[in-house]
Structure formats: structure tokens, C-alpha cells
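The residues making up each chain are set out below.
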Amino acid sequence: MAHFITLPSRCRTRRAVAESPLRGLGCLARRFFRVLASFVPELTLTGKFTVALAQVSPKLGLLSENLQLHLDTIRRAQSEGADLVVFPELSLTGYILQDLVPDVAIDPLNAPSLQPLLQGCKDIACVFGFVEVSDRYNYYNAAAYVSEGRIRHVHRKLYLPTYGMFDEMRFFAMGESLRTVPTPFGPLGLLICEDLWHPSTLYLHVQDGARVVVTLSSSPGRGVRTNEGFQTSQGWETLLKALSQFYTVYNLYANRAGIEDGAYFPGGSMVVSPVGEVVARSQTSGEDLVLAELDLDEIRRARLFTPVLRDERLDLTLRELTRIVHQRSQS
Amino acid sequence: MQLNCPLVNQVLKGFIRDELSKAGFHRVVVGLSGGIDSAVSCFLAARALGPENVLAVMMPYRTSSPESLSDARAVVEALGVKSEIVEITSIVDGYFEAQSRANSLRRGNAMARARMIVLFDKSMEFNALVLGTSNKTELLLGYGTLFGDMASSINPIGDLYKADIFKLARYLQVPQSILDKKPTADLWAGQSDEDELGFTYAEVDELLHELIDRRVSRRELLEKGFKRDFVQLVVNKIRGSQFKRRGPVVCKLSPRSVSHDFHYLRDWGM
């Protein structure tokens, strides 16, 4: 059971600019409050915390350099007062890995190379992307949730795009399960890029209790024939706003920056509130670190005004899905 | 076909800077023909890297139109990039002295390849990469010389149709004389792209956008009013020039072969 307590409030959204002189004190205070919070279950439904979206540009296949990039970014996010820092999809390795996949894969249960990163996450929680190798020698496009210096949860990408410019199923195995992870911020859901384009994933996370869902992404920009930026970036924004509103959750979206062989990653990372409003957004080109304060009371209020989750009929959905699956297997 | 010029400008400048720096470079060499494609490439590079990091090379042949050189010079003056004139007449004529039966197509290809030799040599001298100047229309129709004008290290305009190039050129404020003239490869006197292709860029760009970008079916194209013969001609050109868009075919013998199943990006480890 995870709990949370209100922390000293900060400005609603801001960009990281300078290191705080009170960083050490702030960290101690936060740890103290977290320990205190664990004894106060009724406070789990309220509280504020700060997230940092780390819109980085990892180097393709260079684990050690990317680890250093993570460490530096985590330190910076922490100095800015973030409680959680989120990196993009495959942030430790770069995206279009192809035959590099086995060379950069990590077994999260036995990964000495990850130790510096885990040690860097003693007083800040972190979500990062990596290639996971399993004991069956399957390779997964994965995301880890780290807190208090340990990997608490690994999500394996469920939907691997294999069309157009994407070729993930050739190199990765599909994840088979979806679980929320208990955190000081309440149950948290992890998704990776294409997962969110199957709204059933978000539906399941939310039904499983998620109040905050993190989507790590390496989505290249495509479509330059409208006035509003890349067509794909508009698609993401529409999706995130609509889904946040439908499911009354916070959606955190971290997309990467940089270029791989001419595939341009336009960033556009954002935090969308449970009423579908963008409360923080990053630059649409280049690396960036954007901070936002999340308020769990926003979720409570959103669910009061629009109690669609309360009214959701899981039995009905399950019954009709069972029928559809059965009919498909007969045809 | 609308084009978000500010976005394209921002992305392509980032592309040039990023792909160069990852490869350990900060300079480019670009062949300036006096036409709109190389002018746009040169403008993008000068704005991305600073004019001091761009070497524009003008490579006239003895039959090249004088306007080509003056239009290329207008680009150099507008941007303040470094420039050099390298005549290719002696290279080309030296070879064809012993090839008296060569037709204009062979001569045109040799001119394009002579320019390629100069550009890649200059890139060594200037410690730079060669910037491409082939647009998407040319690449799809195969209207270029393999290992000639199609050769480059990075090509910022390869996903822009000719119609897009005109829009971007206006946005970048490319000299008016270049915007106004008819596109030509200038391989022989009076040559015009559109006369040689047998259709206009406006017509073919519209068709290519539907066919390639939007994957519109043949039936829908006819319903939209495209002529059957025109569609067939363009499809044949695309199919017939696929070899120009691929590397040499390697015969597969081993379990893992270059060009079959050796999958690494060029940005590997960068």
C-alpha cells in the first residue's frame, strides 16, 4: 500500500533554470514526509508532487554515454525539486536499434552497469526506457520504474509497430501483461509509445487504479502540410487530451529529441490534466526539461464532475468482448 | 499541396547540424548549378551552419548557359558563403576525345559524374560532407544521374517535391531570377526538365503526392481526373528507376550479408 502526503507547494509549471541552494534540505524534508505519509492511509487520495519530463536525445547504441546523460538529467531534475523524472522510450539505448538490440540489452535483475543510475534515484523516482533481455533470451522494448534505489517495476511494450517506417516486431518480443505499480503518488501506469494508440491499455490501467499514466515515446515527426506542426504531434496531443478527459487521469508524455538517420524526433513532451488540459509542455525541437506540479485533488474533482469511471460497466465490456472473441474464432 | 515552411525550415536546419556533427563535421560542400534545388540546399546549409562553413562550388561546362553561373553567383552573394569555380570541360572533353560516338545522354551523365568527382574531392580539402540537391520528384522519377548529381552524404531536400521546393525557396528568399526561370539540368543548350519529361512538375507532383504519400488507388486516381496514360507513364518511370534508389545488389551466400540482413543505421554509435 503506497501513500502520499501534501508537500510544500511549488509554482504550477516551470522550466528548469538553476540549482536550488536548499536542495539538500528539500530532499530530507520530502523523505521525512514520505515516511510520515506511509502511516497516514487517508492521505493517499490527496497531495501534490512535481514531475520532470526529460526530453533527451540519446546516442544510438552507446549505453555508457546515455547512462551519464541520465545521471546528469536526474541530478538536474532533483535540484529543481522534481519527485519523479520521466525519460523517453529506449532512453538508455536510442530508438532505431535493429541488429544492435542484443548488444545493448540488460537483465534488470542482474545489471551492474545500472547501479550508478539506481544509486542516483535514492531520493527521486525515475522512469526510463531500455532493452530488457529475459531468461528465455527474449528481447523487450521495456520501461522501468525506479524508486529508493531499486527497480520496482518493468513494463514490456505490448504493441510493437511494424508498418511504414517501423519494424519493431522484427527485433523485439511483445509484452504479455499490464500492471500498475504502487508509488508514493498512488498507483502508476506505464505505457510505451504505440501502447497508447490502443486505448484499451489506458482503460486497463485506470480500471487497475492508476491515477497517473506515464507514456514513454520515441515518435518521429511526420506530415508537414498543415500550419500546426507535425501531423503526428497533433495526433499525440489530440489523443492525450481526449484520453485524459475520458479516463480522468493525469497523462505524462515524454517524447525524445534528436535525429536518427534522418528520422526527426520533435519532442513535444507534455503533462495533461484529468480534465484534458495541457498543464506543461516542452519545446518542439531539441532537448528540454519541463517541470509540472500534479495535484491529486484535480483527479478527485474531475471524477466528481464527470463520473464516467464510476459508471463504467466492466461486466458488460467483458461479456461483449467474450462474445466477440468467440464469434471471431468461429468465423 | 500546402507546406508548413517555418516548420520545414526549422527541421531541415536541425537535420543538417545534427547529422553533420554526429559524423564529426561542421562544414558542407554543395554544388551550385544556378537552379532552385541547389539554391535551396545552399540556403538551408548557410542558415544552419553559418556561411563560413559552406563551400559552394560552381562547375560550368563549356556549353553551360551563362545565366546558370550568374544565378549561382547571386546565391553566393546573397548568403556570403565561400565559393569556387571549377570548370569541368577539360575532365569531360578529355575523356570523350577517344569516345567520338558518345551521344548527348552519355555526355550529360559524364558531366554529372565529373561534378560528383569535384565535390567529393573538395569535401576532403574543406573537411566537409557533400550536401545533396536531389528533390523527391526527381528521386521518384529517376530523373538524375546515378553516382552523379544523385550522390551526396546528406540530402536535406530529398523528401520535398519540386512544388514544395518553390514554396520553400520563396520562404527562404532565394533570388528572384532563380524563382522565375524554367527548371533545367543545363546539360545541353535549351534543355528543359518539363520538355524532356513530357509533363509539368505541377501535374506530376500532384499525382505523386496522391500515389506515394496518400497511397490512393489507381481507380481513385482516375475518378479524381488523372488521365490513365499519364498515370501509367509515371508509374513506369518510378518502377523503371528503382535501381537508382538502391545500392548495388549483393548475392546472398552467408547467414548474414551486407545489404540483406545486416541491419544498422548509419548513425550507429553517434
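Residues numbered from 1 in each chain as written. Chains lettered and ligands numbered in written order. Predicted model: local features only at pLDDT ≥ 70, side-chain atom pairs only at ≥ 80, totals over all residues.

**Re the confidence of the model for chain A**
Residue and element names in this part refer to chain A. Operational definition: What pLDDT reports is the predictor's confidence in each residue, on a scale of 0 through 100. Contact between two residues is assigned when their C-beta atoms, built from the backbone, lie within 7 Å.
For chain A, mean pLDDT is 90; residues scoring 70 or higher make up 87% of the total. Of the regions scoring below 50 in pLDDT, residues 1-22 engages in 53 contacts with residues more than four places distant in sequence or in other chains. For the stretch residues 38-43, pLDDT sits under 50, and the model shows 9 contacts to residues farther than four places along the chain or on other chains.

**Some thoughts on the interface of chain B and chain A**
Size of an interface: often given as the accessible area lost when the parts come together. Cut-off, in case you're wondering: Under the grouping applied here, Gly and all other residues not named as nonpolar or charged are polar, the nonpolar ones being Ala, Val, Leu, Ile, Met, Phe, Trp, Tyr, Cys and Pro and the charged ones Asp, Glu, Lys and Arg.
Taken together, the contact between chain B and chain A spans 21 residues of the former and 20 residues of the latter. Partitioning the side of chain B that touches chain A into residue classes produces 11 nonpolar, 6 polar and 4 charged.

**A short note on the sheet that holds strand β4 (residues 129-130) of chain B**
Residue and element names in this part refer to chain B. For the record, the criterion: Strand pairing requires that DSSP identify at least two bridges connecting the strands. Numbering of helices and strands runs from the N terminus, with a helix taken as a DSSP run of H or I at least four residues long and a strand as a DSSP run of E at least two residues long.
Strand order in the open sheet made by the 4 strands is β3-β2-β1-β4, with parallel pairing throughout. The open sheet terminates on both sides in strands that have one partner only, identified here as β3 (82-85) and β4. Relative to β3, strand β2 (residues 54-58) runs parallel, the two being bridged by 4 bridges. The residue of β3 that forms the bridge with Met58 is Ile85.

**Focus: the nonpolar core**
The line we're drawing: Put simply, a nonpolar core is a cluster of buried Ala, Val, Leu, Ile, Met, Phe, Trp, Tyr and Cys residues tied together by C-beta atoms within 7 Å. Residues with at least 20 neighbouring C-beta atoms inside 10 Å of their own are called buried, those with 12 or fewer are called exposed, and the rest are partly exposed, where every C-beta is derived from the backbone.
Grouped together as the largest cluster of nonpolar side chains are 150 residues, with contacts concentrated most on Val51, Val86 and Val127 of chain A together with Cys42 and Ala45 of chain B. Counting residues per element, this core draws most heavily on helix α2 (residues 36-49) of chain B, at 10 residues. Apart from residues no more than four positions distant in its own chain, Ala45 of chain B is found in contact with Ile16, Val28, Val30, Val54 and Leu131 of chain B.

**Remarks on unusual backbone geometry**
Backbone geometry places Glu148 of chain A, a non-glycine residue, at a positive phi of 45°. By C-beta crowding, Glu148 of chain A is classed as partly exposed, having 14 other C-beta atoms within 10 Å. Despite not being glycine, Gln173 of chain B has its phi angle at roughly 65°, a positive value. Tracing the backbone shows Gln173 of chain B in the loop between α7 (162-172) and α8 (176-180).

**Things to note about the sheet that holds strand β13 (residues 278-281) of chain A**
All names here are of chain A. As a reminder, the rule being used: Interaxial angles span 0 to 180 degrees and are taken between N-to-C directions of axes, which are lines fitted to C-alpha atoms, for helices over the stretch in contact.
One open sheet holds the 5 strands; their spatial order is β7-β8-β9-β12-β13, and the pairing between them is mixed. What marks the edges here is a single partner per strand, and that holds for β7 (188-192) and β13. Sheet twist, expressed as the average angle between the axes of neighbouring strands with direction ignored, equals 15°. Alignment of β7 against strand β8 (residues 212-217), held across 5 bridges, turns out to be parallel. Of the residues in β8, the one forming a bridge with Leu191 is Thr215.

**Focus on helix α6 (residues 200-207) of chain A**
All names here are of chain A. We apply this condition: Along the arc lie the directions from the helix axis toward the C-beta atoms.
Along α6, the residues that are buried comprise Thr201, Leu202, His205 and Val206. The arc enclosing the buried residues of α6, seen along the axis, measures out at 130°, which places them on a common side. Looking at the packing, one finds that the buried side of α6 touches β7, β8, α7 (231-247) and α9 (308-311). Residue Gly209 follows α6 closely and has a positive phi angle near 110°.

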